[in-house]
Amino acid sequence: MLILATTEREYPWGVLRSTNASKVKVVLEEKGVVYQVDRLHPGDLWKKPPEMLVKHPLGKVPYLETDEDGVIYDSTVINEYLDDKYTDNPLKPETASARARMRMLENYADEAIISVDLPKLWMPMWSSPEKRNLDVMEQGREGMRKNRLPFIESELGQQEYLCGDFSLADVPYMAIAMVFEVDDFDLSVFPLTKAYFDRLRARGSYSAISPKTSLQDSLGSS
Ligand SMILES: N[C@@H](CCC(=O)N[C@@H](CS)C(=O)NCC(=O)O)C(=O)O
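Cut-offs applied
Residues numbered from 1 in each chain as written. Predicted model: local features only at pLDDT ≥ 70, side-chain atom pairs only at ≥ 80, totals over all residues. Helix = DSSP H or I, 4+ residues; strand = E, 2+ residues; numbered from the N terminus. Rg over C-alpha atoms; globule rule 2.2 N^0.38 Å. Buried ≥ 20, exposed ≤ 12 C-beta atoms within 10 Å, placed from the backbone. Contact = placed C-beta atoms within 7 Å. Axes fitted to C-alpha atoms, helices over the stretch in contact; angles between N-to-C directions. Parallel < 35°, antiparallel > 145°, perpendicular 65-115°, else oblique. Left-handed = near helix turned anticlockwise from the far one by under 90°. Nonpolar A, V, L, I, M, F, W, Y, C, P; charged D, E, K, R; others polar. Domains from an automatic or database assignment. Pairing = 2+ DSSP bridges.

1. With respect to the overall build of the protein chain
Inference 1: Within the protein chain, the regular secondary structure consists of eight helices and six strands.
Inference 2: Shown N-terminal to C-terminal, the secondary structure of the protein chain runs as helices and strands in the order β-β-β-α-β-α-α-β-β-α-α-α-α-α.
Inference 3: Against the globule reference of 17 Å for 222 residues, the protein chain gives a C-alpha radius of gyration of 17 Å, in line with a compact fold.
Inference 4: If you line up the protein chain on its principal axes, its C-alpha atoms span 50 × 45 × 30 Å.
Inference 5: Burial statistics for the protein chain: of 222 residues in total, 35% are counted as buried.
Inference 6: Considering only contacts within the protein chain whose residues lie at least 6 apart along the sequence, 71% involve residues at least 24 apart.

Set out below in structure tokens:
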């Protein structure tokens with residue numbers, strides 16, 4: 001049995017989930033692997049209790065507990081592990097050059113978006129609307145509009161997914177599409193990205209991270 005440690009909470013404005021752990025949920029769902037979700041208290045991400053540090057030396061989520069291979073941490077490492085271990089429905093392209101492109105585009109989402117612009121928008125949503133810093137949220141949106149979305153729009157071109165077929169490159173963009181759904185982010189000036197995010201949200205795997213799916217209905221596949 002695989003157990004995914006994450007943070008997820010229900011609010012009147014939707015179910016909010018760790019963006020990095022959402023990447024792993026998507027791959028578990030795409031692979032059709034049996035797993036369960038272990039929901040940690042969001043405060044543990046700051047307190048970093050010893051029992052968490054034993055599992056992940058940086059006290060972060062996600063980490064994945066496996067029967068055969070112990071604990072695997074870091075969303076990108078976990079997703080590569082899952083794709084290597086469960087070989088049905090491969091999520092990596094064939095050639096070395098296409099794999100390099102896949103990893104570069106995933107890295108862009110992780111380093112530039114999920115770690116920089118998105119938290120400005122996303123972290124305040126874990127507080128009630130009157131406690132949010134609206135200026136910081138707008139800075140996050142502006143960073144997306146000025147820098148990130150033009151890049152995605154140009155990398156996508158006329159392709160359905162970033163590397164042609166759906167691959168690990170697209171997985172972090174599903175977590176970004178989730179945040180944009182909660183924020184009702186206006187993508188009308190980025191039509192290719194808008195269609196791409198709609199396509200990502202239409203995948204069956206998205207229901208495990210959708211803000212509309214209840215905690216009870218997103219506990220894992222067993
Ligand atoms: N590179 C890591 C980043 C993990 C990460 O930063 N997770 C956030 C939650 S989405 C967290 O645990 N934050 C607490 C911290 O940074 O100490 C990954 O991809 O798994």
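2. Concerning the environment of P191
Inference 1: Within the secondary structure layout, P191 lies in helix 8 (residues 191–202).
Inference 2: Residue P191 is classed as exposed on the basis of its 10 C-beta neighbours within 10 Å.
Inference 3: Along the backbone, P191 and E153 are 38 residues apart, and their C-alpha atoms lie at a distance of 8.0 Å.

3. Re the packing of helix 5 (residues 96–122) against helix 6 (residues 134–156)
Inference 1: Axis separation between helix 5 and helix 6 bottoms out at 7 Å; the angle between their running directions is 160°. Judged by the angle between their axes, helix 5 and helix 6 are roughly antiparallel. Note on packing geometry: the crossing formed by helix 5 with helix 6 is left-handed. In this structure, helix 5 contributes L105, A112, I113, V116, D117, L118, K120 and L121 to the contact, and helix 6 contributes V136, M137, Q139, G140, R141, G143, M144, R148 and E155.
Inference 2: In the contact of helix 5 with helix 6, the residues fall into nine nonpolar, three polar and five charged.

4. Re the domain arrangement of the protein chain
Inference 1: Domain boundaries assigned for the protein chain yield domain 1 (2–90 + 207–218) and domain 2 (96–204).
Inference 2: At the interface, 18 residues of domain 1 touch 17 residues of domain 2.
Inference 3: Going through the elements one at a time, strand 3 (14–17), helix 1 (19–31) and helix 4 (75–85) are the ones with two or more residues in the side of domain 1 that touches domain 2.
Inference 4: Of all the elements, helix 1 adds the most residues to the side of domain 1 that touches domain 2, at seven residues.
Inference 5: Looking at the side of domain 1 that touches domain 2, its residues break down into seven nonpolar, eight polar and three charged.

5. Structural notes on the pairing of strand 2 (residues 8–11)
Inference 1: Two elements, strand 2 and strand 3, share four bridges in a ladder whose sense is antiparallel. Bridging from a neighbouring strand, Y11 pairs with G14 of strand 3.
Inference 2: Joining the antiparallel neighbours strand 2 and strand 3 is a turn of two residues.

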